[in-house]
Amino acid sequence: ATTLGAAAAERGKYFGVAVAAGHLGESDYTATLNREFRSVTAENEMKWDALEPNRNQFNWGNADRIFNHARGQGMAVRGHTLVWHSQLPGWVGGLDTSNLRSAMVNHINQVMGHWRGQITAWDVVNEAFEENGSRRNSVFQQRLGDGYIEEAFRAARAADPNAKLCYNDYNIDRWDYAKTQAVYRMVQDFTARGVPIDCVGFQGHFNSGNPLPSNYHTTLGNFASLGVDVQITELDIAGSGQTQAEQFRGVTQACLAVARCNGITVWGVTDKYSWRPGDTPLLFDGNYNKKPAYDAVLATLNGG
Ligand code: G3I
């Protein structure tokens, strides 16, 4: 196949991308998006601060713009993200325990309900662990305690029974790492107790200080063995040329090698709009030219 989306589909996977609503009017951006990708994640527009800036007052405009574009092209949509310490509007931090609990459940109900049945997977909880494996000291952790993650997943299952429910995080790629082990133990506990969880999202923000680990494949396989799907949700890799291309190839090979790896999402269409200023971590350069990393991913998907 000649595009990432079609080549991945031939292997039973999706190939997706993060999209920002503000760029949809740029013809090269949208042409590249429509040609290459079969799944879309909103880069910021489905986050709590964007959707519910004031309590129980919802702004769907930018998120719907992305959603409608994607669905109009027959693309899948991943939901990102319901419960996260960052990009949280100020009012949430001022709530006491019982108000925070009801605000969290209401946010999940309203947001999942808005697109009920039409979002393939939701990042229900994002980045809840510290590097040392302890829980991140977020407002949710402080007020609701360890149980908040489980509460969020149970509310999410009820709000949209058709969506896959994911836990999503970064730096959980290396198997022999405290944070990876902590997330693994949580998923193991959830599946053992019947807490609804369907997938783990591996963000995949790699750079020279945090390169693709050699046991990445082992990590994906071990999580899959717990009975959940795995997805690469926010892939970008600092660098350029063949060095970068080889790492993209490695991620692609790992996903292809794990049956329960559903697909890969890269965190942006073009280097010029990457969230990592000064880096060139994506598959298309600032002029929408295909980079060596693109060729490596496509060839790998095509079995080369
Ligand atoms: O919308 C405001 C705009 O009104 C204002 O004028 C402008 C001035 O700075 O800021 C705009 O908000 C920015 C927002 O992106 C939308 O463009 C924020 O400053 C900026 O911090 C924010 O960055 C996003 C970042 O998440 C915030 O945490 C990045 O675009 C986005 O790529 C990044 O994505 C995260 C994932 O959600 C979770 N995993 C890590 C990943 C990378 O950090």
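Residues numbered from 1 in each chain as written. Predicted model: local features only at pLDDT ≥ 70, side-chain atom pairs only at ≥ 80, totals over all residues. Heavy atoms only, no water.

Engineer: In this structure, what is going on with the overall build of the protein? I would like to understand it.
Structural biologist: Summing up its helical and strand segments, the protein has twelve helices and nine strands in all. Taking 304 residues into account, the globule formula puts the C-alpha radius of gyration at 19 Å, and the protein, at 18 Å, falls close to it. Dimensions along the principal axes, computed over C-alpha positions, put the protein at roughly 55 × 45 × 35 Å. In the protein, which comprises 304 residues, the proportion classed as buried is 57%. Pairs at least 24 residues apart make up 75% of the contacts formed inside the protein by residues separated by at least 6 positions. Accessible surface for the protein amounts to roughly 11,300 Å². Of this, 45% is attributable to carbon and sulfur atoms. (Helix = DSSP H or I, 4+ residues; strand = E, 2+ residues; numbered from the N terminus. Rg over C-alpha atoms; globule rule 2.2 N^0.38 Å. Buried < 20%, exposed > 50% of the residue type's maximum accessible area, 1.4 Å probe, protein only. Contact = heavy atoms within 4.5 Å. Areas by Shrake-Rupley, 256 points an atom, 1.4 Å probe, with all protein chains shown as cover.)

Engineer: Can you help me understand the state of the cysteines in this one?
Structural biologist: By definition, a disulfide is the covalent link that joins the sulfur atoms of two cysteine residues. Taken as a whole and assessed by the stated rule, the structure comprises two disulfides. Between the sulfur atoms of Cys255 and its disulfide partner Cys261 the distance amounts to 2.0 Å. Between Cys255 and Cys261 the disulfide shows an S-S torsion of about -95°. By sign, it is left-handed. Counting only the cysteines that take part in disulfides, in the order they occur along the protein, gives the pairing 1-2, 3-4. (Disulfide = S-S within 2.5 Å.)

Engineer: What is the right way to read the site of the ligand from this model?
Structural biologist: Close to the ligand lie 14 residues, the nearest being Glu43, Lys47, His80, Glu234 and Trp267. Interatomic distance of 2.9 Å between a side-chain N/O atom of Glu127 and a nitrogen atom of the ligand. Relative to its free-state accessible area of 790 Å², the ligand is covered by the protein chains to the extent of 45%. For the shell around the ligand, the residue count by class is three nonpolar, seven polar and four charged. (Near = heavy atom within 4 Å. Polar contact = N/O pair within 3.5 Å; in protein donor to acceptor, adjacent residues only side chain to side chain. Nonpolar A, V, L, I, M, F, W, Y, C, P; charged D, E, K, R; others polar.)

Engineer: Just to check I follow, could you spell out helix H11 (residues 241-257) for this structure?
Structural biologist: The periodicity of an α-helix, 3.6 residues per turn, causes residues three or four places apart in sequence to face the same way. Taking 1.5 Å as the rise per residue, H11 with 17 residues should run 24 Å; its terminal C-alpha atoms sit 24 Å apart, in good agreement. For H11, the set of buried residues is Gln244, Ala245, Gln247, Phe248, Gly250, Val251, Thr252, Ala254 and Cys255. (Expected span 1.5 Å × (residues − 1).)

Engineer: Sorry, what's going on with the packing of H11 against helix H12 (residues 292-301) here?
Structural biologist: For any two helices packed against each other, one specifies the crossing angle of their axes together with the interaxial distance. The contact between H11 and H12 brings their axes to 8 Å, and the two run at 25°. Here H12 runs roughly parallel to H11, going by the angle between their axes. In the crossing of H11 with H12, the sense of the turn from one axis to the other is right-handed. From H11, Gly241, Gln242, Gln244, Ala245, Phe248, Arg249, Thr252, Gln253 and Leu256 reach across to H12, where they touch Pro292, Ala293, Ala296, Val297, Thr300 and Leu301. Taken together, the residues that form the contact of H11 with H12 break down as eight nonpolar, six polar and one charged. (Axes fitted to C-alpha atoms, helices over the stretch in contact; angles between N-to-C directions. Parallel < 35°, antiparallel > 145°, perpendicular 65-115°, else oblique. Left-handed = near helix turned anticlockwise from the far one by under 90°.)

Engineer: Is there a simple way to think about the side chain of Thr233 in this case?
Structural biologist: Inspection of the secondary structure puts Thr233 in strand E8 (residues 229-237). Looking at Thr233, its side chain comes within polar contact range of the side chain of Asn168, at 2.7 Å. With sequence-adjacent residues up to four places away left out, Thr233 is seen in contact with Arg78, Asn168, Gly201, Phe202, Gln203, Thr265 and Trp267.

Engineer: Looking at this model, I keep getting lost on unusual backbone geometry. Mind explaining?
Structural biologist: Glycine aside, negative phi is the norm for most residues, and most peptide bonds take the trans geometry. For the bond from His80 to Thr81, the omega torsion is 0°, close enough to zero to count as cis. Relative to the elements of secondary structure, Thr81 occurs in strand E3 (residues 76-83). A positive phi angle, close to 60°, is found at Asn56, a residue other than glycine. The topology assignment puts Asn56 in the loop between helix H3 (48-51) and helix H4 (61-72). Phi is positive for Asn171, close to 55°, though the residue is something other than glycine. If you trace the backbone, Asn171 turns up in the loop between strand E5 (164-169) and helix H9 (178-193).

Engineer: Even after reading the chapter, I still don't get the pairing of E8, so can you show me in this structure?
Structural biologist: Side-chain positions along a regular strand alternate between the two faces of the sheet. By the criterion of burial, E8 is predominantly enclosed, with nine of the nine residues buried. Across four bridges, the pairing between strand E6 (residues 199-202) and E8 is parallel. Paired with Gly201 across the strands is Gln231, a residue of E8. Pairing geometry for strand E7 (residues 205-206) and E8, over two bridges, is parallel. (Pairing = 2+ DSSP bridges.)

Engineer: What am I meant to see in the pattern of salt bridges here?
Structural biologist: Proximity of charged atoms lets side chains of opposite charge pair with each other. Counting across every chain of the model gives 18 salt bridges. Among the ionic pairs, Glu150 bridges to Arg154, the shortest N-O distance being 3.0 Å. Residue Glu150 and its partner Arg154 are located together in helix H8 (residues 148-159), separated by four residues, close to a single helical turn. A salt bridge links Arg193 to Asp189, with the shortest nitrogen-to-oxygen separation between them at 2.9 Å. (Salt bridge = Lys/Arg side-chain N within 4 Å of Asp/Glu carboxyl O.)

Engineer: Could you clarify how one ought to interpret the packing of aromatic side chains in this entry?
Structural biologist: A ring pair, where both rings are aromatic, is described by two values, the distance of the centres and the angle of the planes. This structure, assessed with the given rule, holds 18 aromatic pairs. Ring plane angle 85° and centroid distance 5.3 Å describe the contact between Phe202 and Phe223, whose orientation is recorded as edge-to-face. Taken together, the residues Phe202 in strand E6 and Phe223 in helix H10 (residues 216-224) connect sequence positions 21 residues apart. By relative accessible area, Phe202 is classed as buried at 0%. Owing to a relative accessible area of 0%, Phe223 belongs among the buried residues under this scheme. (Phe/Tyr/Trp six-rings, centres within 6.5 Å; stacked < 30°, edge-to-face > 60°.)

Everything listed is a geometric property; what it means functionally is a separate question.
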